[in-house]
Amino acid sequence: MSRPEHLRQIVRTLMQVMLISERTPVEHQHVVRFNAHDFHTLGFLLENPGARASALADQLHVAATTASSLIARMVRQGLVARTRDPADGRAVQLSLTDRGRVLAETIRSQDLRNMELFLSALTADDQDQLLALMDKVVARVAALQEER
């Protein structure tokens with residue numbers, strides 16, 4: 001098996017675990033159906049309260065119109081709030097509602113539990129080595145994306 005194929009299979013297995021566990025908890029199932037952009041938006045706004053729609057579009061690597069539709073839907077669901085930027089009355093800031101924050105924190109906690117599970121298969125030294133190697137991969141991918 002080639003290295004790229006081997007890595008593809010590894011990533012597929014890890015993503016299956018992540019996608020399954022990112023499914024909305026039972027108490028939130030009426031709020032959001034599973035959608036990767038929803039979960040990334042919740043996480044982004046948890047870490048970047050007051051962000052603008054353009055920053056979200058950049059983060060998700062989607063067109064501004066796609067981000068706008070996503071935001072509008074999440075506002076209707078009561079997960080995201082739009083407010084005017086006090087420094088620039090024409091600009092709109094995005095933030096999570098209390099309901100959105102609870103959901104985002106629930107997802108983040110589950111993701112961290114998954115990472116602990118993944119890392120538990122390795123010794124502390126192996127974990128450090130894995131993280132160092134993954135940092136190199138992420139840096140390379142980020143550099144390639146910036147070239148586009």
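In case you missed it, the structure is sitting above this.
All of these numbers come straight from a predicted model, not from anything done at the bench. Throughout, residues of each chain are indexed from 1 in the direction in which the sequence is written. Two thresholds apply to this predicted model, a pLDDT of at least 70 for residue-level local features and 80 or more for giving and counting side-chain atom pairs, whereas whole-chain, interface and lining totals are computed over all residues. Derived side-chain values reflect all non-hydrogen atoms in the structure, with water molecules and hydrogen atoms excluded from consideration.

### Some remarks on the layout of surface pockets
We apply this condition: A 1.4 Å probe that fits but cannot get out identifies a cavity on a 1 Å grid over protein atoms alone, an open set with protein on both sides within 12 Å along at least five of seven lines counts as a pocket, and a residue lines either if it has an atom within 4 Å of a point. Grid points are joined across faces, edges and corners, and a volume is the space filled by probe spheres set on the points. For helices the rule is a DSSP run of H or I covering at least 4 residues; for strands it is a run of E covering at least 2, with both sets numbered from the N terminus onward. Each residue is assigned to one of three groups, with Ala, Val, Leu, Ile, Met, Phe, Trp, Tyr, Cys and Pro labelled nonpolar, Asp, Glu, Lys and Arg labelled charged, and all others, Gly among them, labelled polar.
Of the voids in this model, the largest pocket is the one considered here, and its volume is about 1500 Å³. Lining the largest pocket we find 40 residues, and of these Met15, Met18, Met115, Phe118 and Met134 sit closest to its centre. Of all the secondary structure elements, the ones that give two or more residues to the lining of the largest pocket are helix H1 (3–22), helix H2 (36–47), helix H3 (53–60), helix H5 (98–119) and helix H6 (124–147). Along the lines of polarity and charge, the residues of the lining of the largest pocket split into 25 nonpolar, eight polar and seven charged.

### Digging into the pairing of strand E2 (residues 88–96)
This is how it is decided: When DSSP finds two or more bridges between a pair of strands, those strands are recorded as paired.
As defined by bridge partners, strand E1 (residues 80–85) adjoins E2 across six bridges and the pair is classed as antiparallel. Along E2, the bridge assignment pairs Val80 with Leu96. Connecting E1 to the antiparallel partner E2 that follows it, the hairpin turn spans two residues.

### Description of the nonpolar core
Counted only if it meets this: To qualify as a nonpolar core, a set must consist of buried Ala, Val, Leu, Ile, Met, Phe, Trp, Tyr and Cys residues joined through side-chain atoms within 4.5 Å. Buried means the residue's accessible area, taken with a 1.4 Å probe over protein chains only, is under 20% of the maximum for its type, while exposed means over 50%, and partly exposed covers the values in between. Note on definitions: a residue-residue contact is assigned when non-hydrogen atoms from the two residues lie within 4.5 Å.
Formed by 20 residues in total, the largest nonpolar core has its most connected members in Leu42, Leu45, Leu56 and Val80. Secondary structure elements with two or more residues in this core: H2, H3, helix H4 (64–76), E2 and H5. Filtering out sequence-adjacent residues up to four positions away, Leu56 remains in contact with Thr41, Phe44, Leu70, Ile71 and Leu94.

### Structural notes on the pattern of salt bridges
Let me state the cut-off plainly: One speaks of a salt bridge when a side-chain nitrogen belonging to Lys or Arg is within 4 Å of a carboxyl oxygen belonging to Asp or Glu.
Scanning the entire structure with this criterion turns up four salt bridges. Between Glu5 and Arg8 there is a salt bridge; the shortest N-O distance is 2.9 Å. You can see Glu5 and its partner Arg8 sitting in helix H1, three residues apart, about one turn around the helix. A relative accessible area of 27% means that Glu5 is categorised as partly exposed. A salt bridge links Arg73 to Asp38, with the shortest nitrogen-to-oxygen separation between them at 2.7 Å. Here Arg73, found in helix H4, pairs with Asp38, found in helix H2; they are 35 residues apart in sequence, far enough to count as distant. Overall, Asp38 belongs to the buried group, its relative accessible area being 2%.

### Structural notes on H3
Note the cut-off: It is the directions from the helix axis to the C-beta atoms whose arc is reported.
Every buried residue of H3 is listed here: Leu56, Ala57 and Leu60. Each buried residue of H3 lies within a common arc of 100° when the element is viewed along its axis, so the set occupies one face. Contact partners of the buried residues in H3: H2, H4 and E2. Just downstream of H3 lies His61, where phi reads positive at about 60°.

### A word on the environment of Leu122
Turning to its location among the elements, Leu122 is positioned in the loop between H5 and H6. In this structure, Leu122 is in contact with Gln127 and Leu130, ignoring residues within four places of it in sequence.

### Some points on the packing of H3 against H4
Short version of the rule: Each axis is a line fitted through C-alpha atoms, and for a helix only the stretch in contact is used; angles between axes span 0 to 180 degrees, taken between their N-to-C directions. Note that the term roughly parallel is reserved for angles under 35 degrees, roughly antiparallel for angles over 145, roughly perpendicular for angles of 65 to 115, and oblique for everything else.
Two numbers describe how H3 lies on H4: the axes approach to 9 Å, and their chain directions differ by 110°. Between H3 and H4, the angle is such that the two are roughly perpendicular. Between H3 and H4, the residues in contact are Ala53, Leu56, Ala57 and Leu60 and Ala64, Ala67, Leu70 and Ile71, respectively. By residue class, the composition of the contact of H3 with H4 is eight nonpolar, no polar and no charged.

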